[in-house]
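# Coordinate analysis (summary)
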Amino acid sequence: MNRKHRGVGKATAVPMIVFAGLFLSLSAFLLIRSVTRDAEHILADRQAIQLHDELKTRFDHQSVLLRALSGPLAGPAPVTEASFSSAAEPLLPLYPNLHAVAWARRIAERDVPLLERAMRSSGHTSFAVRGAVDAPRRPPGTDLFVNVLAEPKAAAGLIGLDMASLPGQSEVLTRSCAANRVVVAEEMPLQAELGRDSVLIYLPVYSREIDPDEARFGGRIVCDVLTGFLWTSFDVGQLLRDAVLRVGLTVGDAYLLKPDAGAPLLLAAEGGLTRPGELPHPPSRPLTAERLAGDGAPRAIVRDIAFGGRVWRLFVVPDPSPLFSLDDRLAWTMLIGGLMLTAGAVAYVLREARAKRLLRTEARARAAMARALRESEERFRLALRHSKVSLFSQDRDLRHLWVYCPRADLRPERMIGRTDVELFSVEDAERLVPVKRAVMEQGVGARCEVELTYNGCRRVLDLSVEPMRDETGSIAGIICAAIDMTEAVEIRDALARAHSEAERANQAKSRFLAAASHDLRQPFQAMSLFHHILMSKLDDPQQVEVANKLGEALVAGNSLLSTLLDTSALEVGNVKPRIVDFDVQDIVGRLAMEIGDQAADRGLELRMVPCSARVRSDPILLERMVRNLLVNALRYTTQGRILLGCRRKGDEEGGRLSIEVWDTGPGIPEDEMTAIFEDFYRCGTDQRDSGRGLGLGLSIVRRMAQMLDHPVTVRSRVGHGTVFSISVPVAEELCSCVAAAD
């Protein structure tokens, strides 16, 4: 019962440890990550406030510039181009984002010719008052605000332009005049001349000092004393870029937006700085004005900037927090540390449980091993007792330390402590000692067959010697196993002698047949001659039939004798091949004519494919091989046709020619493919059927193929036919120049 409760406790401990470790690790991770995110948001909000203040200051600097230059213009003394340049030039380097600053003088329409003559006389020879190309038609008597002064010199092309003729600027000028304050242009005029990010601001200049209450309640009266507008154009993108660099914005991207009632207008955008001293750059993933004004930037920090009667909106969009960042290294460290502690605790609990299981398993295994060892020892002793294996070990001096021998004449008490020199004769010891010494020196086992004489008895042993090492790995001696092979060696010697006797008898038979071949052929030749004479003298049909049977018997006997004599000659080695280069077509054409008539008599078709190759072989023996294959195909094919042709092999086979014989016979079973080349073997026929030959044709082909090194292969499908192939080397062809030299 207690064991059951302990098992349940161990089973529930691991899930509880895993759950608690994961919960605590994730909680610490999320808490630290939340604190980090709050700190990042506070930093982003602080930098957004700093950027807002910096932009507001820079906008106010533009108003300060205009008010600093408006003093001389409001005085009674006329302002010349030289005095305006001397007043503006010291201030321009302080405003790197400034495009131009100009004085637009108020001129009545009737005074335009006077102004043009005055400006031309002052040095502007091509001066002419001009309006915008697409300016709407103005009512008669409307005043013009013509640029007569401009700095820097690059803005001289604006002199003579009527600012009131620009789209939307007439209303802006009227509002600025009535309010007596700096006003930002509604549209973005002069973008082609000053740049696409240019912004215009106007400051009205009056002929006398204007009281604030007068400007508030008497707009018409104020505009009557208006002498013109001092205006400036600056690059709002450069303005935002300088502010970002001054603040050192690092939390995200900054956007300056003009939130009109219609479509919002994006004025400028700059990306955050990733390291100190870096130049501002465009955002890597810029947002559009529509997304900023809508729900495209839910994390953006928004600040409004009021300037020149307009409200511009500043967006600071913090960078999305990546899953892995340096700021979260503490959170990730806590998470990874917690997971590692959890894994360590689980591993410790599992290791302890596994160690206890292993101890119990090891105890049971040791008990089972002890039982199995005792049983194995008993079986081993029983097996050795009834076998002829002797085991023994020797030290480095080749003294026997332990011996087990089933023979009664080699008792252990007589061998232990003694060496081979003391136990065996000098000759036997000289055969044993070098083998054992070599094993101890090289540390590699050896096996050999040794012959010993002990107590007057000859013994042949299969001796296996292995090095025996101590606990340090050094060779302390050898251990040997000796198997008594005396009876097996005697049987082997007897078989070898019997085989030698059979070989000598076979060679004697072959030599006899080869020597007596001429004497054995003469009786058959004489009988053939007498049979021919007899046939010419017989008239009785019955006697002629008997004589024909006699002729068939003579032909069969002569064929059998010739085949046997040829086989014997090949076995003895009397046939010596004569290798030459010749055209294979000579053999193929001759055999096609010879076998073609026999095939036609049997109702078969023999087809021959001409070949122009030259081969290197013995033409007589090769012709005999191909003839035997054709005769074999003719003998076993009852219907269909026989094909004789050649096929060239590729260079990978050494440049050889395959002479092939195809037939439509019954085919050869797979298990008889090897047996068909044996002597007197006839595939699929009754061995008593003499009409199918003696079974020596393919055996002769095999012997000739071995003699000529012409491999013979066979392919067959039962019921479809057989293909025999002879691989013959192709003769080397001489080039035309060598042939001509010959």
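Details of the structure are given in the entry above.
Residues numbered from 1 in each chain as written. Predicted model: local features only at pLDDT ≥ 70, side-chain atom pairs only at ≥ 80, totals over all residues. Heavy atoms only, no water.

### Topic: the overall build of the protein chain
A tally of helices and strands in the protein chain yields 20 helices and 21 strands. Here the protein chain holds 742 residues, and the buried ones make up 38% of them. Long-range pairs, those at least 24 residues apart, make up 64% of the contacts in the protein chain with a sequence separation of at least 6. Of the roughly 43100 Å² that the protein chain leaves accessible, carbon and sulfur atoms contribute 57%. (Helix = DSSP H or I, 4+ residues; strand = E, 2+ residues; numbered from the N terminus. Buried < 20%, exposed > 50% of the residue type's maximum accessible area, 1.4 Å probe, protein only. Contact = heavy atoms within 4.5 Å. Areas by Shrake-Rupley, 256 points an atom, 1.4 Å probe, with all protein chains shown as cover.)

### Digging into the pattern of salt bridges
Under the counting rule described, the total for this entry stands at 19 salt bridges. Residue E54 is joined to R58 by a salt bridge in which the shortest nitrogen-to-oxygen separation is 3.0 Å. Residue E54 and its partner R58 are located together in helix α1 (residues 2–74), separated by four residues, close to a single helical turn. Each member of the pair E54 and R58 is classed as buried. (Salt bridge = Lys/Arg side-chain N within 4 Å of Asp/Glu carboxyl O.)

### Side note on the environment of S716
By the element assignment, S716 lies in strand β20 (residues 712–717). According to the relative accessible area criterion, S716 is buried, its value standing at 19%. Between the C-alpha atom of S716 and that of D663, which follows or precedes it by 53 residues, the distance is 9.6 Å. If sequence neighbours within four positions are ignored, S716 has contacts with G667, I668, M673, G721 and T722. Within the structure, the side chain of S716 is placed 3.1 Å from the backbone oxygen of G721, a separation counted as a polar contact. In terms of polar contacts, S716 uses its side chain to reach the side chain of T722, at 3.1 Å. (Polar contact = N/O pair within 3.5 Å; in protein donor to acceptor, adjacent residues only side chain to side chain.)

### Concerning empty space enclosed by the protein
Under the defined criterion, the tally for this structure stands at two cavities of 30 Å³ or more. Within this model, the largest cavity holds a volume of roughly 40 Å³. Where the lining of the largest cavity is concerned, the elements lending two or more residues are α1 and α2 (81–88). Tallying contributions element by element places α1 first for the lining of the largest cavity, with four residues. Partitioning the lining of the largest cavity into residue classes produces six nonpolar, one polar and no charged. Lining the second largest cavity are V184, A185, M188, V199, K258 and W312. (1 Å grid on protein atoms, 1.4 Å probe; cavity = no way out; pocket = protein on both sides within 12 Å on 5 of 7 lines; lining within 4 Å. Points joined across faces, edges and corners; volume = space filled by probe spheres on them. Nonpolar A, V, L, I, M, F, W, Y, C, P; charged D, E, K, R; others polar.)

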